[in-house]
Amino acid sequence: MARPNEVVAAALQEYADLISITGGDAFRARTYEKAARGVAGHATDVATLDLKGLEQIPGVGKSTAEKVVEYLSSGRMEALEQLRAKVPAGVRELIAIPGLGPAKAMTLHRELGISSMDELVHAIEAGRLSGLRGFGAKTAANILHGVEVLRHSGGRVMVSTALEVAEEVIAALSGLPGCEKCTYAGSLRRGRDSIGDVDILVAARESKPIMAAFTELPLVGEVIAGGPAKTSIRTTGGLQVDLRVVPPESWGAALQYFTGSKEHNIRVREIAVRKGLKLSEYGLFRAEDDTLLVSETEEEVYEQLGLPWIAPTLREDRGEVAAARNGTLPQLVTAADIRGDLHTHTNLTDGVSTLEEMLAAGRARGYRYYAVTDHAKDMPMQRMTDAKMLAQRKKLRALAGDGKMALLHGSELNIDPDGGVDWDADFLAGFDICVASVHSHFTQTPAELTHRFVKACENPYVNIIGHPTTRLIGRRKPVEPDWDAVFDAAAATGTAMEVNAFPDRLDLPDELIMRARERGVKFAINTDSHSTVHLDMLRFGIAIAQRGWLTPADVINTWTLTKLKAFVTAKRRAA
DNA sequence: GCCGTTTTCGGCCCGACTGTTTTCAGTCG
């Protein structure tokens, strides 16, 4: 069950799509898109707002606010219903096909009565598109291909997968003569939790040799488009990679531009326009005479616009431009701030590395403390027993010798369907710190899930809720309790929410981090490592935490050991 | 439809590439 803001945003986005498809005013369509984003990103539940309150949301004016009120009170939006009556739902689904936009979708519907992806495929195969204005043989083939891609991949890949591809391309291009700089931009640089395509940027005088080398890389499955400034390929694995080559002096402007997000760039360009300037990927220009002002570094571009440099992880048009203007950008948490990992496993349960190996890897990272949190006894497949857990603790205490890295003994407890955990208070009291996670019964009702999480937070020995939504990116949907109620319980009880750094989890997701932070929750950025190499996954968790605007003060494993221990004992004492 | 160190009207980010166009619309990011 999605929160009202998301339901309303979806309705507004649908309305915007239908305006575009029916050939309505493009600016009106964009207005509703903006409003949808504003509503989705708004911290307050829209269901609790009146007309006046709604109009405070960026991009929402009187007309949109009235539609939202109508929708929330009656479940219907008359204007939306009218457009739905004109355009079958399947027509809207067509614009998800790469290369097919609202105008072409409407042409297909108007001229051929096509109103679903299947009908479109059949029409193409039957040759019914020939003779239709704007639909040549090439377009028909591209559409078929687009449908294939869409059905096959669903579009997005894990950030770790995209990073591997990016690093392979960068390694190959960086060595070319004439390549002065090469890096990745786009959603990968912004640290999103999944990646639709990889954007690579190169600074070079001559683009041709770079483009040629790019299309010949072994990972290239097909070349989608190729020009002097931009070339797009799809890898053999199905991931799209766009390469842009810019002159070296345009590097900063180009990096800013291709990092996005699109919405952030629109916001920044609006500032440029108001100052009588023009910002493109080639630089910041004076509008009246096209004089180049700056372009070499991102810092210069932002500075010339009267803004401090904004971290890529914040560039989502979620208020970062206003914060930059007011000097209230957050001091974001970085990997260097992390003093220890608080969720790790060993081969005592389902890990693959030994206790000694894991501790050595933690020391190698320079951690000041390190928690071993193997699975608890209620997870039958892990075969944990009280005796094994106590034996591990004894061993750990014996290994705590060098004084540089403190060793914490913990466990990843299971939150049972009713919110209870594996052991009673007496046994739990022996641990230094505990994570508690949901590992089963994902299909409970939202009310049951809410009760379950809240009760877990109220347990004095539960310090961190592990991978709270339990989502597996591309494989398992998140559970959906009333998160605001859960976060309130976490904040009130001194229970941290985990930002699990594993690339197929990245859990909490960034939107929920923002909501939790608003409600005063603290966080722990952990890797959930099952092997020594997993400790490096921290970087992905840091990116997600930054996208949630977290500062070191919000993150308990940036704190000193003394402060961390106080966090644990304060909760126990309060009980 | 929204919005305002230029504004309550007249703008709304900007450029690249494709396909089908004979000068440009559509799509994408």
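Residues numbered from 1 in each chain as written. Chains lettered and ligands numbered in written order. Predicted model: local features only at pLDDT ≥ 70, side-chain atom pairs only at ≥ 80, totals over all residues. Heavy atoms only, no water.

A. Geometry of the domain arrangement of chain A. By domain assignment, chain A separates into domain 1 (4-153), domain 2 (157-246), domain 3 (253-326) and domain 4 (335-574). Each of domain 2 and domain 4 has a C-alpha centre, and the two are 36 Å apart. The interface is formed by eleven residues belonging to domain 2 together with eleven residues belonging to domain 4. Regarding the contact of domain 2 and domain 4, the summed buried area is about 830 Å², with carbon and sulfur atoms giving 63% of it. Inspection of the domain 2/domain 4 interface yields two residue pairs in polar contact (both at pLDDT 80 or more). For the side of domain 2 that touches domain 4, the class distribution of residues is four nonpolar, three polar and four charged. (Domains from an automatic or database assignment. Contact = heavy atoms within 4.5 Å. Buried area = accessible area lost by both parts, 1.4 Å probe. Polar contact = N/O pair within 3.5 Å; in protein donor to acceptor, adjacent residues only side chain to side chain. Nonpolar A, V, L, I, M, F, W, Y, C, P; charged D, E, K, R; others polar.)

B. Region of the structure containing the sheet that holds strand β5 (residues 220-226). Within the open sheet, the five strands sit side by side as β2-β4-β7-β6-β5. Their pairing is mixed. The two strands at the open ends of the sheet, each matched to only one other strand, are β2 (181-184) and β5. Each adjacent strand pair in this sheet contributes to an overall mean axis angle of 20°, direction not counted. Where β5 lies against strand β6 (residues 230-235), five bridges are found, and the strand directions are antiparallel. Of the residues in β6, the one forming a bridge with E222 is R234. (Pairing = 2+ DSSP bridges. Helix = DSSP H or I, 4+ residues; strand = E, 2+ residues; numbered from the N terminus. Axes fitted to C-alpha atoms, helices over the stretch in contact; angles between N-to-C directions.)

C. How the structure looks around the packing of aromatic side chains. Under the counting rule described, the total for this entry stands at eight aromatic pairs. Taken together, a centroid distance of 5.7 Å and an interplanar angle of 45° make the contact between W423 and F431 tilted. In terms of burial, W423 and F431 fall into one category: buried. Between F453 and W483 the ring centres are 5.5 Å apart and the planes differ by 45°, which places this aromatic pair in the tilted class. Taken together, the residues F453 in helix α20 (residues 446-458) and W483 in helix α21 (residues 483-493) connect sequence positions 30 residues apart. Grouped by ring-pair contacts, the aromatic residues W423, F427 and F431 constitute a single cluster. The ring of F135 carries K104 above its face, with NZ or CZ at 5.7 Å from the centroid. Taking the ring centre of F431 as reference, the NZ or CZ of R393 above it sits at 4.7 Å. (Phe/Tyr/Trp six-rings, centres within 6.5 Å; stacked < 30°, edge-to-face > 60°. Buried < 20%, exposed > 50% of the residue type's maximum accessible area, 1.4 Å probe, protein only. Lys NZ or Arg CZ within 6 Å of the ring centre and 35° of its normal.)

D. The pairing of strand β14 (residues 433-437), seen in detail. Along β14, five of the five residues are buried, which leaves the element largely enclosed by surrounding structure. Here β14 shows a buried face lined by I433, V435 and S437 and a second buried face lined by C434 and A436. Here five bridges tie strand β13 (residues 406-414) to β14, and the two strands are oriented parallel to one another. For S411, the partnering residue across the bridge sits in β14 and is C434. Note: β14 against strand β15 (residues 464-465), two bridges, orientation parallel. In the strand pairing of β15, A436 is matched with I465. Between β14 and its parallel partner β15, the chain crosses via α20, and the hand of that crossover is right-handed. (Right-handed = clockwise from strand over helix to strand, strands pointing away.)

E. Geometry of the pattern of salt bridges. Across all of its chains, the model carries 33 salt bridges by this definition. A salt bridge links E298 to R189; the shortest N-O distance between them is 2.8 Å. On the criterion of sequence distance, the pair formed by E298 in helix α15 (residues 298-304) and R189 in helix α11 (residues 186-189) is long-range, its members being 109 residues apart. Through salt bridges with shared partners, one network takes in K34, R37, E263, R267, E270 and D317. (Salt bridge = Lys/Arg side-chain N within 4 Å of Asp/Glu carboxyl O.)

F. A look at the nonpolar core. Counting residues in hydrophobic clusters, the biggest one holds 86 residues, and the most contacted among them are I200 and M497. It is helix α10 (residues 159-174) that provides the largest number of residues to this core, a total of eight residues. Three or more residues apiece are contributed to this core by two domains, here domain 2 (157-246) and domain 4 (335-574). If we ignore the near neighbours within four places in the chain, the residues touching M497 are C457, I465, P468, V486, F487, A490, L508, V521, K522, F523 and A524. Counting residues in hydrophobic clusters, the runner-up holds 45 residues, among them Y15, V39, L54 and V91. (Core = buried A, V, L, I, M, F, W, Y, C linked by side-chain atoms within 4.5 Å.)

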